[in-house]
Amino acid sequence: MCLSVFGVFTSVSAEPIVGVKVGDWVEYDVSVSGTGSMPPHRDVQWAHMEVVSVDGVAFSVNVTVRYVNESCGSSIWHFNFTEGNVGGWLVIPANLGVGDTFFDAYSDPVDVLIQGEEKCEVLGAVRTVTYGSDVLREIKEWDKNTGFFIYAVESAKNFTDGEGWYYEDLTVVIRATATNLWDRQIFGVGQSVFALFVSGLVFVFVGLVSGLIIWQRQMLARFGSHFSLWVKRGFIVVIIVGVVVFADLVVAPFFMNLGLVQSEVNMIMQSIWMSLILASIWFRCVDNYFVHGFLMSVVVVCTLIGFISVLLMWSPSDSAHLSFVYFNSSIKIVKFVTHGVLSIPALVFGGWFVALWRPNAVAFPERSRRIVKWLLIMWILSYLAGVIGYVIEYILL
């Protein structure tokens with residue numbers, strides 16, 4: 001399986017420096033334009049490269065790709081700078097400057113020249129970028145300190161590759177979209193820390209709003225007395241639907257557009273739900289069971305919808321993609337299993353609570369007491385498991 005569009009395997013220079021270490025990874029988006037088509041085994045739209053071993057000037061990279069047909073695949077690529085194996089210039093020796101070369105042993109051995117260098121912003125941080133080119137690669141850019149490629153434009157016109165596939169006139173653009181090689185800066189803060197900071201602000205904001213509502217609860221109670229039970233129920237349904245739509249179409253995309261990756265956005269969303277759960281318990285403690293049930297129902301329904309939608313959209317072809325997202329390290333495995341084991345009973349108790357709740361029902365407080373207790377315990381434990389795993393994986397390591 002090839003990430004580099006034309007499947008060219010390559011290599012490196014004299015006294016090369018390996019700038020990568022185990023666990024380094026970069027994700028890429030791939031777009032194809034022009035006339036003709038790519039061979040199915042190279043028609044890639046997304047890729048993830050992660051270093052799995054390093055031994056001197058030799059190292060191995062796990063390349064996971066998702067094709068246009070949504071199927072996935074992965075393979076281990078072996079690099080050796082001394083022998084000239086640089087995998088289509090995917091990773092080259094670190095710290096090469098203008099005029100330096102690296103050895104590429106594919107087909108006709110050649111020393112590839114670094115043609116230029118500049119400082120620019122890459123994925124939220126200022127990096128030194130070098131670049132080079134040849135007949136097929138209009139431009140290939142690398143992060144100088146690590147040697148990972150971050151951008152490429154490759155084209156082929158009236159070209160037949162070594163496998164006999166004819167390229168009429170195609171241009172492929174490969175662009176890095178996420179990495180752990182450096183910490184993206186958002187408003188001057190590393191993105192992993194930024195996600196934690198936003199999560200903390202969520203708890204503060206929800207706490208202040210909840211406190212204000214509780215402080216003015218008598219006025220709000222008088223206001224609510226003007227509406228019938230059916231109006232209140234209709235209001236609840238509208239708000240729940242509105243929160244689901246707002247979270248999926250506004251909040252999550254907003255943070256994704258800031259450059260946060262899925263795990264960081266998920267951290268913020270889980271903090272929103274956890275803060276609303278705690279606010280719900282606060283309202284229960286002051287005997288406002290209507291707001292208590294309303295907030296709890298919003299959180300449970302939103303979470304269940306998200307959970308069910310993931311299950312419905314999952315297909316066997318996603319297995320390779322999910323395997324490295326959740327299972328490519330011991331920390332990720334422990335976090336996934338712990339969080340998952342605790343989340344399932346939390347959702348079960350949550351669904352039980354929603355089925356039991358009736359606005360203004362006299363028997364509801366007593367009937368729901370044990371359910372709420374276990375719901376709260378399991379939800380807090382699940383949230384803490386996710387937070388601890390996030391801090392260990394993205395901040396401490």
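Higher on the page you've got the structure.
These numbers were taken from a predicted model, which means no experiment stands behind them. (Residues numbered from 1 in each chain as written. Predicted model: local features only at pLDDT ≥ 70, side-chain atom pairs only at ≥ 80, totals over all residues. Heavy atoms only, no water.)

Looking at the environment of valine 300
Note on placement: valine 300 falls in helix 5 (residues 289-313). Since its relative accessible area comes to 0%, valine 300 is described here as buried. Remark: the alpha-carbon pair of valine 300 and valine 348, spanning 48 residues in sequence, is separated by 9.5 Å. Discounting residues that sit within four places of it in the chain, valine 300 has contacts with Gly350, Gly351, Val354 and Trp379. (Helix = DSSP H or I, 4+ residues; strand = E, 2+ residues; numbered from the N terminus. Buried < 20%, exposed > 50% of the residue type's maximum accessible area, 1.4 Å probe, protein only. Contact = heavy atoms within 4.5 Å.)

Looking at the sheet that holds strand 10 (residues 149-160)
Each strand in a sheet pairs with its neighbour through backbone hydrogen bonds, running either in the same direction (parallel) or in the opposite one (antiparallel). Reading across from one edge, 4-3-2-1-11-10-9-8-7 is the order of the 9 strands in this open sheet, with antiparallel pairing throughout. Edge positions in the open sheet fall to strand 4 (72-80) and strand 7 (116-122), since each of these has one partner strand only. In this sheet, adjacent strand axes meet at a mean angle of 25° when their direction is disregarded. Examined bridge by bridge, strand 7 and strand 8 (residues 125-132) share 7 bridges and lie antiparallel to one another. Among the inter-strand pairings, glutamate 121 is bridged to a residue of strand 8, identified as valine 126. (Pairing = 2+ DSSP bridges. Axes fitted to C-alpha atoms, helices over the stretch in contact; angles between N-to-C directions.)

Comments concerning the nonpolar core
Among soluble globular proteins, nonpolar side chains are generally buried collectively. By size, the foremost hydrophobic cluster in this structure holds 50 residues, and its most contacted members are Phe255, Leu260, Ile272, Trp273, Ile277, Phe353 and Trp379. Those elements that place two or more of their residues in this core are helix 1 (191-215), helix 3 (229-257), helix 4 (262-285), helix 5, helix 7 (330-356) and helix 9 (369-396). Broken down by element, the residue count for this core peaks at 12 residues, all from helix 4. Contacts of tryptophan 273, omitting those with residues within four sequence positions, involve Val243, Ala247, Val299, Cys302 and Thr303. (Core = buried A, V, L, I, M, F, W, Y, C linked by side-chain atoms within 4.5 Å.)

A word on helix 4
When the terminal C-alpha atoms of helix 4 are compared, their 35 Å separation across 24 residues agrees well with the 34 Å that a helix rising 1.5 Å per residue should span. Within helix 4, 17 of the 24 residues are buried, which leaves it mostly tucked inside the rest of the structure. The first or second residue beyond helix 4 is aspartate 287, which carries a positive phi of 65°. (Expected span 1.5 Å × (residues − 1).)

A short note on the side chain of glutamate 264
Within the fold, glutamate 264 resides in helix 4. Given the relative accessible area of 1%, glutamate 264 is considered buried. Setting aside chain neighbours within four positions, we find glutamate 264 in contact with Gln191, Ser192, Ala195 and Tyr390.

Points about a nonpolar patch on the surface
Among the surface-exposed residues, Val189, Val193, Leu384, Ile388, Ile392, Ile395 and Leu396 lie close enough to one another that they form a single nonpolar patch of about 560 Å² accessible area. Looking at the nonpolar patch, the element that brings in the most residues is helix 9, giving 5 residues. Position of isoleucine 395 relative to the elements: it lies in helix 9. (Patch = residues over 30% accessible without salt bridge, like charges linked within 9 Å, V, L, I, M, F, W, Y side chains within 5 Å. Areas by Shrake-Rupley, 256 points an atom, 1.4 Å probe, with all protein chains shown as cover. Salt bridge = Lys/Arg side-chain N within 4 Å of Asp/Glu carboxyl O.)

Here's the deal with unusual backbone geometry
One non-glycine residue with positive phi stands out, namely tryptophan 89, at about 65°. As for its position among the elements, tryptophan 89 is in the loop between strand 4 and strand 5 (101-104). In the Ramachandran plot, asparagine 158 falls in the positive-phi region, its phi being about 55° despite a non-glycine side chain. Considering the arrangement of structural elements, one finds asparagine 158 in strand 10.

Details of the packing of helix 1 against helix 9
The geometry of helix 1 relative to helix 9 is characterised by a closest axis approach of 10 Å and an angle of 155° between their N-to-C directions. Here helix 1 is positioned roughly antiparallel relative to helix 9, judged by the angle of their axes. Considering the relative orientation of helix 1 and helix 9, their crossing is left-handed. Of helix 9, the residues touching helix 1 (which contributes Gln191, Ser192, Val193, Ala195, Leu196 and Phe203) are Tyr383, Tyr390, Val391, Tyr394 and Ile395. Looking at side-chain class alone, the contact of helix 1 with helix 9 contains 9 nonpolar, 2 polar and no charged residues. (Parallel < 35°, antiparallel > 145°, perpendicular 65-115°, else oblique. Left-handed = near helix turned anticlockwise from the far one by under 90°. Nonpolar A, V, L, I, M, F, W, Y, C, P; charged D, E, K, R; others polar.)

Comments concerning the pairing of strand 11 (residues 166-179)
In this sheet, strand 11 lies alongside strand 1 (residues 25-35) in antiparallel orientation, the contact comprising 10 bridges. Within strand 11, the residue paired with serine 33 across the bridge is threonine 171. Of the strand pairs in this sheet, strand 10 and strand 11 are connected by 9 bridges, and their pairing is antiparallel. Bridge pairing in strand 11 places threonine 160 opposite tyrosine 166. Where strand 10 folds back on strand 11, the antiparallel hairpin that results is connected by 5 residues, among which glycine 164 adopts a positive phi of roughly 90°.

Some words on the pattern of salt bridges
Two side chains bearing opposite charge may form a pair once their charged atoms approach each other closely. By the definition in use, this model includes 6 salt bridges. Among the ionic pairs, lysine 140 bridges to glutamate 154, the shortest N-O distance being 3.0 Å. Here lysine 140, found in strand 9 (residues 137-143), pairs with glutamate 154, found in strand 10; they are 14 residues apart in sequence, far enough to count as distant. With respect to class, lysine 140 is no different from glutamate 154; both count as buried.

Interpretation in functional terms is not warranted from these geometric data alone.
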